[in-house]
Amino acid sequence: MCSRINWARKLKIFLEDIKMEGKIYDIVIIGGGCAGLTAAIYARRAEKSVLVLEKNAFGGQIVYSPEVENFPGFIKISGLEFSDRLYSQAKGLGTEFEIDNAVKILTDGEYKTVITDYGKYKCRAVIIAAGLTHRRLGLENEERLAGHGISYCAVCDGAFFKG
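What counts, and where the lines are drawn
- Residues numbered from 1 in each chain as written.
- Predicted model: local features only at pLDDT ≥ 70, side-chain atom pairs only at ≥ 80, totals over all residues.
- Heavy atoms only, no water.
- Helix = DSSP H or I, 4+ residues; strand = E, 2+ residues; numbered from the N terminus.
- Buried < 20%, exposed > 50% of the residue type's maximum accessible area, 1.4 Å probe, protein only.
- Contact = heavy atoms within 4.5 Å.
- Pairing = 2+ DSSP bridges.
- Axes fitted to C-alpha atoms, helices over the stretch in contact; angles between N-to-C directions.
- 1 Å grid on protein atoms, 1.4 Å probe; cavity = no way out; pocket = protein on both sides within 12 Å on 5 of 7 lines; lining within 4 Å.
- Points joined across faces, edges and corners; volume = space filled by probe spheres on them.
- Salt bridge = Lys/Arg side-chain N within 4 Å of Asp/Glu carboxyl O.
- Phe/Tyr/Trp six-rings, centres within 6.5 Å; stacked < 30°, edge-to-face > 60°.
- Lys NZ or Arg CZ within 6 Å of the ring centre and 35° of its normal.

Novice: I keep staring at the overall build of the protein and nothing clicks. Help me out?
Specialist: Summing up its helical and strand segments, the protein has five helices and six strands in all. Secondary structure elements of the protein, listed N to C terminal, follow the sequence α-β-α-β-α-β-β-β-β-α-α. Split into buried and exposed, the 163 residues of the protein put 25% on the buried side. Within the protein, contacts between residues separated by at least 24 positions form 51% of all contacts whose residues are at least 6 apart in sequence.

Novice: I'm lost on the sheet that holds strand E3 (residues 96-99) in this one. Help?
Specialist: Spatially, six strands are ordered E3-E2-E1-E6-E5-E4 in an open sheet, and the strand pairing comes out mixed. Strands at the two margins of the open sheet, each flanked by one partner only, are E3 and strand E4 (102-108). This sheet shows a mean twist of 40° between the axes of neighbouring strands, independent of strand direction. Relative to strand E6 (residues 120-128), strand E1 (residues 24-30) runs parallel, the two sharing six bridges. Across the sheet, the residue bridging to Ile-30 is Ile-128, located in E6.

Novice: Quick question: what am I supposed to make of the layout of surface pockets here?
Specialist: The rolling of a water-molecule-sized probe over the atoms marks out the regions of remaining empty space. In this model, the second largest pocket occupies a volume close to 200 Å³. Elements represented by at least two residues in the lining of the second largest pocket include exactly helix H2 (34-45) and helix H3 (79-92). For the lining of the second largest pocket, the element with the most residues is H2, which contributes five residues.

Novice: I keep staring at the pattern of salt bridges and nothing clicks. Help me out?
Specialist: One side chain can pair with another of opposite charge once the charged atoms of both are near each other. On inspection of all chains with the given rule, the structure shows seven salt bridges. Where Glu-143 meets Arg-136, a salt bridge forms, and the shortest distance between an N and an O atom there is 3.6 Å. Look at the salt bridges and you will find they share partners, linking Asp-26, Glu-110 and Arg-124 into a network.

Novice: Is there a simple way to explain the packing of aromatic side chains in this structure?
Specialist: Remark: the centre distance and the inter-plane angle together describe each pair of aromatic rings, the angle taken between the planes. Scanning the entire structure with this criterion turns up six aromatic pairs. For the pair Tyr-87 and Phe-97, a centre-to-centre distance of 4.5 Å together with 40° between the ring planes defines the contact as tilted. Taken together, the residues Tyr-87 in helix H3 and Phe-97 in strand E3 connect sequence positions 10 residues apart. Overall, the relative accessible area of 14% leaves Phe-97 in the buried class. Joined through ring pairs, the aromatic side chains of Phe-58, Tyr-87 and Phe-97 make up one cluster. Directly above the ring of Tyr-111 sits Lys-122, whose terminal nitrogen or CZ lies 4.9 Å from the centroid.

Novice: I tried to follow the environment of Ala-102 on my own but got confused; where do I start?
Specialist: Along the chain, Ala-102 falls in strand E4. As a C-alpha pair, Ala-102 and Ile-29 span 73 residues in sequence and 9.9 Å in three-dimensional space.

Novice: What's the story with unusual backbone geometry in this structure? I'm lost.
Specialist: Glycine aside, residues mostly have negative phi angles, and peptide bonds mostly take the trans form. Positive phi is not limited to glycine here, since Glu-47 has a value of about 65°. Residue class for Glu-47 comes out exposed when judged on its relative accessible area of 70%. With phi around 65°, Asn-141 is a residue other than glycine that occupies positive phi space. Along the chain, Asn-141 turns up in the loop between E6 and helix H4 (142-145). You can call Asn-141 partly exposed: its relative accessible area is 36%.

If you want it as structure tokens, here you go:
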């Protein structure tokens, strides 16, 4: 079974190499959270070809925020809706997206090659907007209570816990 998985992975990488042969992006953005999606929007408005690589799900950590009240232009919006709007705007402008994990960046003069788990992408510039992860305490029900009593950002969430 393990050899079939390895064979399938090698075949996918080979097919991706064929597909990518000759394609050069102006910019590859590593990270599909708010920063990466915003960078993609600005780059596409500047008529650059853009690929956003995200290892998990587009939107980043803000997806888990039930309410966002500190973003200009929105009195209140859920993190999920906010990230959906960013993604839709970037996609509507022509940004390309791949779910893949970047593991290495090679430079060769004018070009860079982003090596991922399943392929490689050639470009002129790389933006790293890989985000971060919260340092969890390992408390009972911590995951379930995140955003509902457990907060990881005093500046962002402090106003929700007045009194």
